[in-house]
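Residues per chain, in single letters:
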Amino acid sequence: MNRTLQNRRDRALGAGAQLFYSEPLHLVRGDGVELFDADGRRYLDMYNNVPCVGHGNARVAEAMAAQQATLNVHSRYLDEGIVSFAERLVGLHHDGIESAVISCTGTEAVEVAMNMARIATGRRGVIATNATYHGNSEAVIALRQAASRPDGYPDVATFPFPQRFRPIRAGLDDQALADAYLDELAAAVQRLESSGAGVAALIVCSIQANEGLPDIPGNFMAQAAEYVRNAGGLVIADEVQAGYCRTGRWWGYEVTGFEPDIAVMGKPMGNGLPLAATVASRDLVGRFRGATRYFNTYAASPLQAAVGHAVIDEIEERELAASVTDLGHGLKAALVERAEQSSWMADVRGHGLFLGVEMVESGCELIPDRTRAVEFTERLKDQGILASNAGAYANVLKVRPPLVLEQSHAEEFLAAFDAVIADIDG
């Protein structure tokens, strides 16, 4: 590792800026699902979802360069490209989604969604799960911090995320368990109503990515959406990680069975170019526009449009949704097979090419083992595989490669996975 570069980084960016791995990587080049460090070593990327159609994608790079060489201005001029991109984007959603607010980051798109819901309902309260993550601004980070400091955030209420693996009440059948989580959601609604904030919105990652990709009981998501609407609120689906065919469907909410009033997208939309969006009905977007006069110098630009079109072209023309479904099914089955033979891999969850392996203390199914998850990712790196750990207890191995993964790559990952298991088990 280049200690000189790391020391310079600490001085230039401030000591404490996060790096992965005990021996951080100095990456210099990417191609598809492969990354290369400064010494020329190749790594298989099983983690990064931002370059969803691959590192160094030629179509995206060419679209970016051609547009930048032609014209790139802010959104206060008419532009065919951004209009057609917004039309194409909303057309990928369900019929109630009609208009878009383009931005640059997922955090910004979530703030737009929250403000949109507050303007439409006249209320301020937002509900999230107790292990959520939706961004880094002061307003958005409150959604996560409210779980541990509820008195500090009177406009936010949290409830336990729905899951089968560590249920809040043992011995219930699937729908009864879903009902138990609905009771927790109802209590969150009541807290906001009692505080005077009222319910503006429920915001959820459609597949509960940061919660650890839990298996959601019953038809909880659809019931939760209905309950919040009956309480006068709107439903926001955070598709930053779940969307863009990550699950094998265009949107995570299609997999978990509900239709949002507002959806938020980010990271993979630009394959590395900052591009995000908040989409909703024409009425909701129009009311937001009228109340805020929202503007971002870099958003809704011709450059974003060109790149946004190129990413969708790649997904559609390469039929990546079908590939994600097939590869994800096989990869999950292979991981389940390995977990069944292990005393410390307790569960395998997820959809498409977003999978999680729950790691626990040996023989103790419900005791999370974050240390082992971190060790596993370190050992995978030594095998030339990049992954990470996540989840409510940071004990879930997170597998989330670019969508252009191929069968040979999946086999390479599984071979490395087996080698790490053998090292750990001795």
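Everything that follows concerns the structure shown earlier in this document.
Treat the numbers as computed from the prediction; the structure is a model and nothing was measured.

1. A word on the pairing of strand β4 (residues 99–103)
Along a regular strand, successive side chains alternate from one face of the sheet to the other. Burial of β4 is extensive: 5 of the 5 residues sit out of reach of the surface. Residues Ser 99, Val 101 and Ser 103 point to one face of β4 and Ala 100 and Ile 102 to the other, with burial holding for every one of them. By the bridge criterion, 5 bridges tie β4 to strand β10 (residues 276–280) in an arrangement that is antiparallel. Counted as the bridge partner of Ala 100 is Val 279 from β10.

2. Some remarks on the sheet that holds strand β2 (residues 34–37)
Two strands in a sheet stick together by hydrogen bonds in their backbones, pointing the same way (parallel) or opposite ways (antiparallel). One open sheet accounts for 4 strands, arranged β1-β2-β3-β14; its pairing is mixed. The open sheet has two edge strands with one neighbour each: β1 (27–31) and β14 (385–386). By the bridge criterion, 3 bridges tie β2 to strand β3 (residues 42–45) in an arrangement that is antiparallel. Each residue of the ladder has a partner; that of Leu 35, found in β3, is Tyr 43. Seen against the sheet, helix α13 (residues 407–425) touches β3 and β14 and runs at an angle of roughly 105 degrees to β3.

3. Observations concerning the packing of helix α3 (residues 80–91) against helix α10 (residues 302–317)
Interhelical geometry of α3 versus α10 gives an angle of 40 degrees and a closest axis separation of 8 Å. Considering the angle they form, α3 stands oblique to α10. Of the two elements, α3 crosses α10, and the hand of that crossing is left-handed. Between α3, through Gly 81, Ile 82, Ser 84, Phe 85 and Arg 88, and α10, the contact on the second element is made entirely by Ala 305, Gly 308, His 309, Ile 312, Asp 313 and Glu 316.

4. Notes on the pattern of salt bridges
For the structure shown, the criterion picks out 21 salt bridges. Measuring nitrogen to oxygen at the nearest pair gives 3.4 Å for the salt bridge that ties Asp 283 to Arg 287. Here Asp 283 and its partner Arg 287 are both found in helix α9 (residues 282–292), 4 residues apart, which amounts to about one turn of the helix. Its relative accessible area of 46% is what places Asp 283 among the partly exposed residues. With its nearest N and O atoms 2.9 Å apart, the salt bridge here joins Glu 358 to Arg 349. One exposure class covers both Glu 358 and Arg 349, and it is buried. Connected via shared salt-bridge partners are Arg 59, Arg 88, Asp 313, Glu 314, Glu 316, Glu 317 and Arg 318.

5. What about the side chain of Asp 369?
Positionally, Asp 369 belongs in the loop between β13 (364–368) and α12 (370–382). Among the polar contacts made by the side chain of Asp 369, one reaches the main-chain amide nitrogen of Thr 371 at a distance of 3.3 Å.

6. Quick notes on the side chain of Glu 239
By the secondary structure assignment, Glu 239 is in the loop between β8 (234–238) and α8 (252–256). Notably, Glu 239 is buried but unbridged: the nearest opposite-charge side chain belongs to Arg 246, and the N-O separation is 9.9 Å. There is a polar contact of 2.5 Å between the side chain of Glu 239 and the side chain of Ser 206. Those residues in contact with Glu 239 that sit more than four places away from it in its chain are Ser 206, Trp 251, Gly 252, Tyr 253, Val 264 and Met 265.

7. Some thoughts on the packing of helix α4 (residues 106–121) against α9
Two elements in contact, α4 and α9, have axes separated by 9 Å at closest approach and are oriented at 95 degrees. One finds that α4 runs roughly perpendicular with respect to α9. Together, Val 112, Asn 115, Met 116, Ile 119 and Ala 120 of α4 and Leu 284, Val 285, Arg 287, Phe 288, Ala 291 and Thr 292 of α9 make up the contact between the two elements. Considered class by class, the residues forming the contact of α4 with α9 number 8 nonpolar, 2 polar and 1 charged.

8. Quick word on the sheet that holds β8
With mixed pairing, the 7 strands of this open sheet are ordered in space as β4-β10-β9-β8-β7-β5-β6. On the outer flanks of this sheet lie β4 and β6 (156–159), each paired with one strand and no other. Across the sheet, the mean angle from the axis of one strand to that of its neighbour is 20 degrees, orientation sign disregarded. Examined bridge by bridge, β8 and strand β9 (residues 262–265) share 3 bridges and lie parallel to one another. For Asp 238, the partnering residue across the bridge sits in β9 and is Val 264.

9. Remarks on the packing of aromatic side chains
Counted under the stated rule, the structure contains 11 aromatic pairs. Where Phe 376 meets Phe 417, the ring centres are 4.9 Å apart and the plane angle is 55 degrees; that geometry is what we call tilted. One end of the pair, Phe 376, is in helix α12; the other, Phe 417, is in helix α13, with 41 residues separating them in the sequence. When sorted by exposure, Phe 376 lands in the same class as Phe 417, which is buried. In textbook terms, an aromatic cluster arises when at least three aromatic residues are bridged by ring pairs, as seen for Trp 344, Phe 376, Phe 413 and Phe 417. Against the face of Phe 354 rests Arg 400, its NZ or CZ located 5.7 Å from the ring centre.

10. Section: helix α5 (residues 138–145)
Note: α-helices contain 3.6 residues per turn, so residues at a spacing of three or four share the same orientation. Of all the residues in α5, the buried ones are Val 140, Ile 141, Ala 142 and Leu 143. Close packing links the buried residues of α5 with α4, β5 (125–129), β6 and β7 (199–205).

Cut-offs applied
- Residues numbered from 1 in each chain as written.
- Predicted model: local features only at pLDDT ≥ 70, side-chain atom pairs only at ≥ 80, totals over all residues.
- Heavy atoms only, no water.
- Buried < 20%, exposed > 50% of the residue type's maximum accessible area, 1.4 Å probe, protein only.
- Helix = DSSP H or I, 4+ residues; strand = E, 2+ residues; numbered from the N terminus.
- Pairing = 2+ DSSP bridges.
- Contact = heavy atoms within 4.5 Å.
- Axes fitted to C-alpha atoms, helices over the stretch in contact; angles between N-to-C directions.
- Parallel < 35°, antiparallel > 145°, perpendicular 65-115°, else oblique.
- Left-handed = near helix turned anticlockwise from the far one by under 90°.
- Salt bridge = Lys/Arg side-chain N within 4 Å of Asp/Glu carboxyl O.
- Polar contact = N/O pair within 3.5 Å; in protein donor to acceptor, adjacent residues only side chain to side chain.
- Lys, Arg positive; Asp, Glu negative; His and termini not counted.
- Nonpolar A, V, L, I, M, F, W, Y, C, P; charged D, E, K, R; others polar.
- Phe/Tyr/Trp six-rings, centres within 6.5 Å; stacked < 30°, edge-to-face > 60°.
- Lys NZ or Arg CZ within 6 Å of the ring centre and 35° of its normal.

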